[in-house]
Amino acid sequence: KIAPGEGAKYWNDCLAGNYICVGWDDVGDLTAFEDKAAFREEFGRRYPYNGSKGQVSRKSNEVWTLLELEPGDKVVANRGTGEVLAIGTVNDAGYVWRPDRVDHRHTLGIDWDTTFGKKIEPVKAWATTTVAKVAAPLFATLSGTKGGGSKASSLDPVYPTIEAALKRRGQVILYGPPGTGKTYVARRAAVWLLEGGSTSLAAAHAVEDAAELARLEESLAAPANSSSVGRLTRVTFHPSYSYEDFVEGFRPTPGSAGGLELVMADGVFKRVCDAAAADPQHTYVLLIDEINRGNVPKIFGELITLLEKDKRGLVVTLAQSGRAFSVPSNVLIVGTMNTADRSIHVLDAALRRRFTFVELLPDSELLAGANAGALALDVFLTALNEKVRATLGRERQIGHSLFFDGPNVISTAEAFAEVFRYELLPLLQEYMYEDYAQLGSLLGRVIDVAAETIAADADDPEYLCVLLANEFGANASA
C-alpha cells in the first residue's frame, strides 16, 4: 500500500496521471544510484532521523520499493488507516522521477480501479508507514473476489523459488536463524506443490488460507494410527533417529508363542517411495523438520546416492533385507534447518551436494507500522539484528515470528514484555553464555550488568518499551 501524501492530498494528481507519488525529494532520482546500498547511504545523509540507523533503513526501504515493484504488481492507495481510495496495477511506465512536480516527485506508473474505494476497519500499522506490504489475507479482504489474479500476485516469491530448486535437485533445505518461518513456509510449500504449484490459483489460496491449509494437510496425509502413507508425510529428525526408522530394519513384534520376535519392517522413507512408485501420476512430498539434528549420512545410508536427479529410478539392493529398491522421480524432500544449532558449512559434504539450500532470514518489513507502546517493532528488530550480526554472527539473528501471536503482530507493551522476558532474553542469554557484560552492551540500560539481571525499572512493560526505543532509535512516533 502507498499513501499519496499526508491525508492523501495528492490523490487527485495520482488518479489523473495514472501514478502514485511519495516524498523524500531531497535524495533525488532513484535511478541515479548504483545500488540500494548507495541510495541508503545518501538517504541517511539527507534524512538522518536523529541518528537512528533503524529509522533510516526503514524509511529508505519504503522509498526504494517504488524502484523494485514490477508491472502487474498490485498497489493499494490509502487515506489514513481507515480508507482505501483505489487498488491499481503497476504499468509499464514503472518508476519515474518527476522534477516538474512541486513536491512528492518519486512516482510509480499505475492503472487505477476506484471501484475498490471504501471505508475499512482501521489498519493500525498504516499510521506510521507511507509504503508497506499488505498481507495476503488483508489484500483478499480489500479486493474481494474482483480481479481474479490477486491470489497469485500476492504469493510470497519464496514458494516459486522452492519449486524451482526442487525441479533442479529433487530436494531442498530451508535454513536460517530461529523464528524466520522455516517450518511455516515448508508446510505451505508442501501443500502448494501438491495442489499444483505455480500452475494453480487454487494452490495459492491453499497457502494463504489457514483453514484451507489445515483441511488439505489432513486430506493429503495418511490416516491417524495407520501404517500407510499419504502424499504428504512429515517427520522430525533427532539424535536417536536411525536408518531403521527411515529406511528399514528389524523391529521387535509380538510373536505367535507370546514372546517377541524380530521382523523386518519398512521405514517411513521406504514406505513413501513405494507408494509413489505405485502412483506415478502424483507427486509425493516428505517434509523433514530439524534435518540437521539427525546423523543424516547414517539415516540415509546407501540411499544418499539415489537422491540425485540422474539416479532417480536406479535400483539398488538394500543391505539389511536384500530387497530391490529405488527412489522415484515423483518424490520430493523438503527439509528445515536451524542455523543457530548448526551451520550448513559443517554438514556432511555428500548431503550439501545433493540438496539445494534456500535461506530464510528475519524480515522486519512484516512488522512495518506495528508498535508495542513506544517501540516501533520493525525498527527495533532491524537495529537489534545489526548488533547481533556484529556480535554473534548472522546465523544467530532474531526471527520476526517472535513478535507474532498467531497470524497477528503483537500490539501492546504488555505482550511485548512477555515475549522479551520469556523468549527473547533467554535466547540471547544462551547465545552469550550468560555473559551479562556482553548482554548489557547489546541491550543497554535494560540490563543491570552488576546484578546480572534485567534492570528493576524495566519490569514495567511501558517503560521497557521506552528504554528499548531510546536504545535502538525505534521510537514509534518517529
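Residues numbered from 1 in each chain as written. Predicted model: local features only at pLDDT ≥ 70, side-chain atom pairs only at ≥ 80, totals over all residues. Heavy atoms only, no water.

## What to know about the packing of aromatic side chains
Going by this rule: Two rings from Phe, Tyr or Trp (for Trp, the six-membered ring) form a pair when their centres sit within 6.5 Å of each other. Planes less than 30 degrees apart are called stacked, planes more than 60 degrees apart edge-to-face, and all others tilted. Going along the chain from the N terminus, every DSSP run of H or I of four or more residues is numbered as a helix, and every run of E of two or more is numbered as a strand. The buried label applies to any residue whose accessible area, calculated with a 1.4 Å probe on protein chains only, is under 20% of its type's maximum; exposed applies above 50%, and partly exposed to all values in between.
Enumeration over the complete set of coordinates arrives at 20 aromatic pairs. Measuring from ring centre to ring centre gives 5.7 Å for Phe-39 and Phe-43, while their planes differ by 55°; the resulting arrangement is tilted. Of the two residues, Phe-39 and Phe-43 both sit in helix H2 (residues 36-46), four residues apart, roughly one turn of that helix. Overall, Phe-39 belongs to the buried group, its relative accessible area being 0%. Classification of Phe-43 by relative accessible area gives buried; the value is 0%. Aromatic side chains Phe-43 and Tyr-47 sit 5.1 Å apart centroid to centroid with 40° between the ring planes, which places their arrangement in the tilted category.

## Quick look at the pattern of salt bridges
Here is the rule: Here a salt bridge means any side-chain nitrogen of Lys or Arg lying within 4 Å of a carboxyl oxygen belonging to Asp or Glu.
Tallied over the full model, the rule gives 24 salt bridges. Its salt-bridge partner being Glu-365, residue Lys-133 comes within 4.0 Å of it at the nearest N-O pair. Of this pair, Lys-133 sits in the loop between strand S5 (118-119) and helix H4 (136-143) while Glu-365 sits in the loop between strand S14 (356-359) and strand S15 (371-372); the two residues are 232 residues apart in sequence, bridging distant segments of the chain. With its nearest N and O atoms 3.4 Å apart, the salt bridge here joins Lys-311 to Glu-308.

## Side note on helix H9 (residues 210-220)
Heads up, the condition is: By construction, the arc corresponds to the directions joining the helix axis to the C-beta atoms. Residue contacts are counted whenever heavy atoms from the two residues lie within 4.5 Å of one another.
The set of residues buried in H9 consists of Leu-213, Leu-216, Glu-217 and Leu-220. Seen along its axis, H9 keeps its buried residues to an arc of 105°; they face one direction. Opposite the packed face of H9, turned more than 90 degrees from it, sit the exposed residues Ala-211 and Glu-218. Summarising the contacts, the buried residues of H9 are in contact with helix H7 (182-194), helix H8 (201-208) and strand S7 (232-236).

## Side note on the packing of H7 against H8
Spelled out, the test is: The axes are straight lines fitted to the C-alpha atoms, using for helices just the contacting stretch, and the angles between their N-to-C directions are given from 0 to 180°. To sort the angles, those under 35 degrees are grouped as roughly parallel, those over 145 as roughly antiparallel, those from 65 to 115 as roughly perpendicular, and the leftovers as oblique. Here a crossing is called left-handed whenever its near helix is offset anticlockwise from the far helix by less than a right angle, and right-handed whenever the offset is clockwise.
In contact at an axis separation of 8 Å, H7 and H8 are set at 160° when each is read in the N-to-C sense. Considering their axes alone, H7 and H8 lie roughly antiparallel with respect to each other. Our pair here, H7 against H8, has a crossing hand that is right-handed. Only Ala-203, Ala-204, Ala-206 and Val-207 of H8 make contact with H7, whose side of the interface consists of Arg-188, Val-191 and Trp-192.

## Here we look at the side chain of Thr-336
Rule in force here: Distance and chemistry together define a polar contact, namely a pair of N or O atoms within 3.5 Å, with one atom able to donate a hydrogen and the other to accept it when in protein, and with adjacent residues in sequence counting only for side-chain atoms on both sides.
You can see Thr-336 is positioned in strand S13 (residues 331-338). In this structure the side chain of Thr-336 is engaged in a polar contact, spanning 3.1 Å, whose partner is the backbone nitrogen of Glu-290. For Thr-336, the residues in contact, after removing those within four places along its chain, are Ile-173, Leu-174, Lys-182, Thr-183, Ala-186, Ile-288, Asp-289, Glu-290, Ile-291 and Asn-292.

## Re the environment of Ala-136
Among the secondary structure elements, Ala-136 is positioned in helix H4. Under the relative-accessibility criterion, Ala-136 is labelled buried at 14%. Placed 10 residues apart in sequence, Ala-136 and Trp-126 show a C-alpha to C-alpha distance of 16 Å.

Without other data, these values stay purely geometric and don't point to any function.
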